[in-house]
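Analysis of the macromolecular model
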Amino acid sequence: MKLKFRWLFFGLVLLFIVYLIVYRDVTNLADRTEFASFFKYYQTANQTSQQSLKNGTLEVSKSAEASKLGDKKEWIPSEIVVAVVVCGDRLTETLVMLKSAILFSFYLSHDLRIVIFTENSLFQSFSEKLGEWQGHTNSSFQFELHSLSFPDKNGNEWRKLFKPCAAQRLFLPTLLSHLDRVLYVDTDVIFLAPLSKLWAHFDKMNSTQMAALSSEHEDPSIGWYNRFARHPYYGKTGVNSGVMLMHLAKMRSFGWSSYLQPIYNEFKLKLTWGDQDIINILFHFHPERLLVYSCAHNYRPDHCMYSSMCKEADRDGVVVVHGSRSSFHGEKQPAFKAIYKAMEEYQLPMDPFENLLLPMKSYLAQTTQSNCGKESTIFTKQLEHTFPQPLDEGFR
């Protein structure tokens, strides 16, 4: 009998040892799998909460923050390049846009390069603010500042086309010879989802496609190009150029720059929207060169001011919101103004859930009297997916 109890005792001890070994292995495995963010959430949050506060915000490592996000399996490219052209009084608006890009770069730990073409008088302002944000985000991005540069021939005409320096982006394939791909955006856009959702469309291009854009309108009955344009345009309703993936290497091989002056000479008296019209004309004659992506990647007031017209945004949420026609600043589109206000007030690298998502939802809740405000959940859907919870109770 004693012998049986002795063997039973040794058996229980052996099972306990096996349990400890298995538990340790499972714990280590959790750190290596897609469930690491759940497993490590409280551990990393508590560790980072002990780090020093600087300028009222928490300095944390990118790897620690990336483990707390909702987008666990987000595809991360090696580097995303965002290009923008800035003139006049668009400094603040541009910085709000760049802040939204840096936000996702920092928390999702992907490399971001910002390329800015601007007036020399704005160099210092950009350098100071972007340098400050680099300090707050562990240098999660790099930036380049370039002076405006137009062709010697008809340079003044190109400079003044549509809006001051707006046509600069037409010459990016030549000016950015050190880069193969960029995501060009107007100053009046805000990213509401990881930039990789846009950048991934480069891999969807076939061998001939060299750019990606969204349609100008979803409904031809209210389309501008098909009703008013006096020049050729792409497809049934034209394309909007405010958010444009540009495969610069393919554009250079195609001879993009050689088409610009002839198009301008032929249609300059018929151009209403300047550089966007030239892009439409070029792709009208070369439609095989363009990839058209969802309206959710360039969501404008036209998609909701009368009724909901972007099914992809209704289903999955808005990826990029475009405050065209001063929608971020006027009173006609309060939902767009609310989004801009929330992003403008947000300070890097504070908790996006507490300090961006919740304020944005609060501001949008006050806009339900407008048609776009009635669709307000589509503006926060992607943010809720990426930042589903606070970083830690101690951060509040």
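Note that the coordinates shown come from a computational prediction; the quantities given were computed from them, not determined experimentally. (Residues numbered from 1 in each chain as written. Predicted model: local features only at pLDDT ≥ 70, side-chain atom pairs only at ≥ 80, totals over all residues. Heavy atoms only, no water.)

With respect to the overall build of the protein chain
Along the backbone of the protein chain there are 17 helices and 11 strands. Residue burial in the protein chain is summarised as follows: out of 396 residues, 53% are buried. Expressed as a percentage of contacts within the protein chain between residues at least 6 apart in sequence, the contacts between residues at least 24 apart total 75%. Just so you have it, the protein chain exposes about 18,500 Å², and 54% of that area is on carbon and sulfur atoms. (Helix = DSSP H or I, 4+ residues; strand = E, 2+ residues; numbered from the N terminus. Buried < 20%, exposed > 50% of the residue type's maximum accessible area, 1.4 Å probe, protein only. Contact = heavy atoms within 4.5 Å. Areas by Shrake-Rupley, 256 points an atom, 1.4 Å probe, with all protein chains shown as cover.)

A word on the state of the cysteines
In this structure the tally under the stated criterion is 3 disulfides. Linked covalently through their sulfurs, Cys295 and Cys310 form a disulfide whose S-S length is 2.0 Å. Of note, the bridge from Cys295 to Cys310 carries an S-S torsion of about 100° and is right-handed in sense. With Cys295 in the loop between β10 (290–292) and α13 (311–316) and Cys310 in the loop between β10 and α13, the pair connects residues that are 15 residues apart, well separated along the chain. Like Cys295, the residue Cys310 is buried in the burial classification. What connects to what in the protein chain, once the bonded cysteines are numbered by sequence position, is 1-2, 3-5, 4-6. (Disulfide = S-S within 2.5 Å.)

What about the packing of helix α14 (residues 334–345) against helix α15 (residues 352–364)?
Where α14 meets α15, the closest approach of the two axes is 9 Å, and the angle between their N-to-C directions is 155°. As summarised for this structure, α14 and α15 are arranged roughly antiparallel, according to the angle between their axes. Considering only the axes of α14 and α15, their crossing is right-handed. Taken together, the residues of α15 that come into contact with α14 (itself represented by Ala335, Ala338, Ile339, Lys341, Ala342, Met343 and Glu345) are Leu356, Met360, Tyr363 and Leu364. Of the residues assigned to the contact of α14 with α15, the class counts are 9 nonpolar, no polar and 2 charged. (Axes fitted to C-alpha atoms, helices over the stretch in contact; angles between N-to-C directions. Parallel < 35°, antiparallel > 145°, perpendicular 65-115°, else oblique. Left-handed = near helix turned anticlockwise from the far one by under 90°. Nonpolar A, V, L, I, M, F, W, Y, C, P; charged D, E, K, R; others polar.)

Observations regarding the packing of helix α4 (residues 91–108) against helix α5 (residues 123–136)
Close contact between α4 and α5 brings their axes to 12 Å; oriented N to C, the two are set at 25°. Taken together, the axes of α4 and α5 are roughly parallel relative to one another. The handedness of the crossing between α4 and α5 comes out as right-handed. Facing Leu91, Thr94, Leu95, Leu98, Lys99 and Ile102 of α4, the residues of α5 in contact are Ser125, Phe126, Lys129, Leu130 and Trp133. Split by residue class, the contact of α4 with α5 holds 7 nonpolar, 2 polar and 2 charged.

Section: the side chain of Thr237
The residue Thr237 is located in the loop between α9 (225–228) and β9 (239–247) in this model. Residue Thr237 is classed as buried on the basis of its relative accessible area of 7%. Among the polar contacts listed, one links the side chain of Thr237 to the backbone oxygen of His217, at a separation of 2.9 Å. Ignoring anything within four residues of it in the chain, the contact list for Thr237 reads Ser215, Glu216, His217, Pro220, Tyr225 and Asn226. (Polar contact = N/O pair within 3.5 Å; in protein donor to acceptor, adjacent residues only side chain to side chain.)

Observations concerning the pairing of strand β3 (residues 79–86)
Counting buried residues along β3, 7 of its 8 residues qualify, which places the element largely inside the surrounding structure. Two strands pair when backbone bridges link them, and β3 and strand β4 (residues 111–118) are joined in this way by 8 bridges, in the parallel orientation. Residue pairing in the sheet places Val85 in a bridge with Phe117 of β4. Once the chain exits β3 it traverses α4 before rejoining the sheet at β4, and the crossover so formed is right-handed. As paired elements, β3 and strand β6 (residues 181–185) share 2 bridges and run parallel to each other. Bridge pairing in β6 links Val82 to Leu183. (Pairing = 2+ DSSP bridges. Right-handed = clockwise from strand over helix to strand, strands pointing away.)

Regarding the packing of aromatic side chains
This structure, assessed with the given rule, holds 17 aromatic pairs. A centroid spacing of 6.1 Å and a plane angle of 80° characterise the contact between Phe150 and Phe171, whose relative ring orientation is edge-to-face. Placement of the pair is Phe150 in the loop between β5 (141–147) and α6 (155–160) and Phe171 in the loop between α6 and α7 (172–175), with a sequence separation of 21 residues. Of the residues examined, Phe171 reaches a relative accessible area of 9% and is grouped as buried. Ring plane angle 90° and centroid distance 5.2 Å describe the contact between Trp158 and Phe171, whose orientation is recorded as edge-to-face. Here Trp158 is found in helix α6, whereas its partner Phe171 is found in the loop between α6 and α7, with 13 residues between them in sequence. Assigned by exposure class, Trp158 and Phe171 land together as buried. Members of the aromatic cluster, connected to one another through ring pairs, are Phe162, Trp224, Tyr225, Phe228, Tyr233 and Trp273. (Phe/Tyr/Trp six-rings, centres within 6.5 Å; stacked < 30°, edge-to-face > 60°.)

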